[in-house]
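Structure assessment
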Amino acid sequence: MKILVVEDYAALSAAGAEILESTVREKPNCVLGLATGETPIGLYDILVKKYAEGLDFSKVQTVNLDEYYPLEPTNEQSYRAFMNMHLFDKININKDNTNVPDGLAADVDKFCGEYEALIDSLGGIDVQLLGIGRNGHIGFNEPADELYPYTHLTALKEDTIQANSRFFENEADVPRSAITMGMASIFKAKRIVILASGAGKANAVKTLATGRITTACPATLLHLHPDVTLICDKAAYGNN
Ligand code: GLP
């Protein structure tokens, strides 16, 4: 794992955006794996600026990591709404080429199998962007004795519900479950970029930086992938 420690959030956003930008320039029909959360917002803002300067997203395809369940895509807290608001509505991407798990899937198991097949049919993800939860989760692969390889429905941990309640009016409104790509789905990406910003992520980054692997911190499994770049600011890197 390459670890890039940058000064602050602005530098982290710029470094992450540069990787996605060069991927789009080199391969206009690339497949980008995208993430939500506060961390990638600055990166998406930069991509929107690059679009204004001529970067073409018309052939790009995207696959998102996760979505709350159950939650309708029109709900402003849904990850579909997040992606539309921060990126898709502001660039020339074809919305038909953007994929976010369906928070209203009637048959979840069937849907998860189809989402996995979709990732495969796109020929694999060129670059997968990840954030990291304070507890070390990636997507919604929460710390546990066992992790799931493929796209699945999962229950959110109490600390994740609390952390994510800042986006909802009440904690009670946070959905208790989510559909998420699994570890093997994420590992299908040719390249992975994981972003960590702020002191709240320092513990998770510390565990990650030990170089050891534990399902108690799912992000550590990324040490098994051949092409991962961790970009973190000084606050997240802490005293490592
Ligand atoms: C959520 C998402 C993750 C994200 C994480 C960190 O739970 N499912 O994909 O990486 O939170 O979010 P933030 O960037 O807001 O700290």
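Let us look at the structure shown here. All values reported here derive from a predicted model rather than from experimental measurement.

**Some details on the packing of aromatic side chains**
- Using the criterion set out here, one finds five aromatic pairs in the structure.
- Their ring planes at 45 degrees and their centres at 5.6 Å tell us that Tyr 68 and Phe 140 sit as a pair that is tilted. Residue Tyr 68 is found in strand 4 (residues 66-69), and its partner Phe 140 is found in the loop between strand 6 (127-130) and strand 7 (152-155); the two are separated by 72 residues along the sequence. Each member of the pair, Tyr 68 together with Phe 140, is buried.
- The structure contains a cluster of three or more aromatic residues connected by ring pairs, namely Tyr 68, Tyr 79, Phe 140 and Phe 168.

**Regarding the site of the ligand**
- Taken together, 14 residues surround the ligand, and among them Glu 38, Thr 39, Asp 66, Arg 166 and Lys 201 come closest.
- A distance of 2.4 Å separates an oxygen atom of the ligand from a polar atom in the side chain of Thr 39.
- Here a nitrogen atom of the ligand and a side-chain polar atom of Asp 66 are 2.8 Å apart.
- Against a free-state accessible area of 390 Å², the protein chains account for coverage of 95% of the ligand.
- A molecule is said to occupy a pocket when more than half its atoms come within 2 Å of that pocket's grid points, and by this definition the ligand occupies the largest pocket.

**Topic: the sheet that holds strand 7**
- The strand order 4-8-7 describes an open sheet built from three strands, whose pairing is antiparallel. Only two strands of the sheet have a single neighbouring strand rather than two, namely strand 4 and strand 7. Ignoring strand direction, the axes of neighbouring strands in this sheet form an average angle of 30 degrees.
- Of the pairings in the sheet, the one linking strand 4 to strand 8 (residues 177-180) comprises four bridges and is antiparallel in character.

**Looking at the pairing of strand 8**
- Relative to strand 8, strand 7 runs antiparallel, the two sharing four bridges. Bridge pairing in strand 8 links Ala 155 to Ser 177.

**Things to note about helix 7 (residues 202-209)**
- Taken together, the buried positions of helix 7 are Ala 202, Ala 204, Val 205 and Leu 208. End-on, the buried residues of helix 7 take up no more than an arc of 160 degrees, which puts them together on one face. Exposed side of helix 7, more than 90 degrees from the buried face: Asn 203 and Lys 206 are the residues found there.
- Buried residues along helix 7 sit against strand 9 (191-196), strand 10 (228-233) and helix 8 (234-237).
- Just beyond helix 7, the residue with positive phi is Gly 211, at close to 85 degrees.

**Here we look at the sheet that holds strand 10**
- With parallel pairing, seven strands are arranged side by side in an open sheet as 1-10-9-6-2-3-5. In this open sheet, the two strands that pair with only one neighbour each are strand 1 (2-6) and strand 5 (98-99).
- Bridge count for strand 1 against strand 10 is five bridges, and the pairing is parallel. Note on strand 10: the bridge partner recorded for Val 5 is Cys 232.

Conventions we followed
- Residues numbered from 1 in each chain as written.
- Predicted model: local features only at pLDDT ≥ 70, side-chain atom pairs only at ≥ 80, totals over all residues.
- Heavy atoms only, no water.
- Phe/Tyr/Trp six-rings, centres within 6.5 Å; stacked < 30°, edge-to-face > 60°.
- Helix = DSSP H or I, 4+ residues; strand = E, 2+ residues; numbered from the N terminus.
- Buried < 20%, exposed > 50% of the residue type's maximum accessible area, 1.4 Å probe, protein only.
- Near = heavy atom within 4 Å.
- Polar contact = N/O pair within 3.5 Å; in protein donor to acceptor, adjacent residues only side chain to side chain.
- Areas by Shrake-Rupley, 256 points an atom, 1.4 Å probe, with all protein chains shown as cover.
- 1 Å grid on protein atoms, 1.4 Å probe; cavity = no way out; pocket = protein on both sides within 12 Å on 5 of 7 lines; lining within 4 Å.
- Sits in = over half its atoms within 2 Å of the grid points.
- Pairing = 2+ DSSP bridges.
- Axes fitted to C-alpha atoms, helices over the stretch in contact; angles between N-to-C directions.
- Arc of directions from axis to C-beta.
- Contact = heavy atoms within 4.5 Å.

In short, shape yes, function no, at least from these values alone.
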